[in-house]
Amino acid sequence: MKTMTALAALAGALSFAVAAPAFAQSHGDHGQPREQAPAAAAGHGHAHADFESGRFHVRVDGPEHPVGDVILIPGLSSSPHVWDGLTEELKGRYRVHRIHVQGFAGAAAEDNATGNVSAPVAEDLVRYIAERGLSRPAVIGHSMGGTIGMMLAARHPDSVGKLMVVDMVPFMGAMFGAPGATVESVTPMADGIYHGMSTSPRDQYQQQADAQVVAMINTESLRAGPLEDSRTSDQRVSASAFRELIVTDLRPELARITAPTTVLYVRFNDPRMTTDMADGVYRASFANLPSARLTRIDDSAHFIMLDQPARFAAEVNAFLE
């Protein structure tokens, strides 16, 4: 019972969950996505990988002879820049591949313009790993990126050497239903949320999205980048991706993951939550992967890499070594 109460409270902690009911009840005219900025050009010390995909493009940093490869996957409506600090920490030793999902943070929607996002991105990542000749890279995913990482590691276990999931559960839909919620039971709500998010007037959509970004980053001085990422993301791509997260239950697939797995999480930015409740949510959520190392990071909101960069870097270094 405690765990289910915690899951209900968690609905206010991740991504657009607090705003979702409001979006579900909004039936304004179809909002037009903001004009998309061109994908970032090579520069700032990184290069873009030579890889053809309509799902994502990749920034690569690192030495000519790295000790290994690390793939960094950002979350919903986020850009590779959320990983800037970690990239600086790692790029002297590792080759770092920062994923930029099409439709997010100024990148044209391309193949993500309709339908699911996470699952197709995961499948193209398998191809990226193979075509680039990466040998069992470490994969680190934040939020939706954690979902993509779990999909990759569960469905293609030979492609992943290590997996780190940053503040994400394998079935976000559990937050949106009664105890014992299933994909089928939460699908009608997911459809309503998608409709509200995708058709809400842009200014209304963005006002609620901005509020969620602010709630997910405690460090006020570091909110500007993620806010801009959200504002330059394609509204319909974000709506589709969020719907997919609600109706994706990876709990039965966790047992297929063979890569050593670390899960970092926070207490949730919700007054109803306690540390014990948060711990219970994650223990229950990852019960099918008992080998996973679950670590709570205190004094942080959802973007752990921004709120606790030193602690986050230490956890990543320990995970890699």
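First, a word on what this report is: a plain description of the structure on this page. (Residues numbered from 1 in each chain as written. Predicted model: local features only at pLDDT ≥ 70, side-chain atom pairs only at ≥ 80, totals over all residues. Heavy atoms only, no water.)

### Here we look at the pairing of strand β8 (residues 293-296)
- Strand direction decides the pairing type here: strand β7 (residues 261-265) and β8, joined by four bridges, are parallel. Paired with tyrosine 265 across the two strands is arginine 296, which belongs to β8.
- Considered for its hand, the β-α-β crossover made up of β7, helix α10 (residues 275-285) and β8 is right-handed. (Pairing = 2+ DSSP bridges. Helix = DSSP H or I, 4+ residues; strand = E, 2+ residues; numbered from the N terminus. Right-handed = clockwise from strand over helix to strand, strands pointing away.)

### Description of the packing of aromatic side chains
- What the rule picks out here adds up to seven aromatic pairs.
- Judged by centre distance (6.2 Å) and plane angle (10 degrees), the ring pair of tyrosine 282 and phenylalanine 286 falls under stacked.
- Classification of phenylalanine 286 by relative accessible area gives buried; the value is 3%.
- Three or more aromatic residues joined by ring pairs make a cluster, and in this case those are Phe51, Phe56 and Tyr128. (Phe/Tyr/Trp six-rings, centres within 6.5 Å; stacked < 30°, edge-to-face > 60°. Buried < 20%, exposed > 50% of the residue type's maximum accessible area, 1.4 Å probe, protein only.)

### Things to note about the environment of alanine 224
- Tracing the backbone through its elements, the reader meets alanine 224 in helix α8 (residues 224-231).
- For alanine 224, a relative accessible area of 54% puts it in the exposed group.
- Along the sequence, alanine 224 and valine 213 sit 11 residues apart, while their C-alpha atoms lie 9.5 Å from each other.

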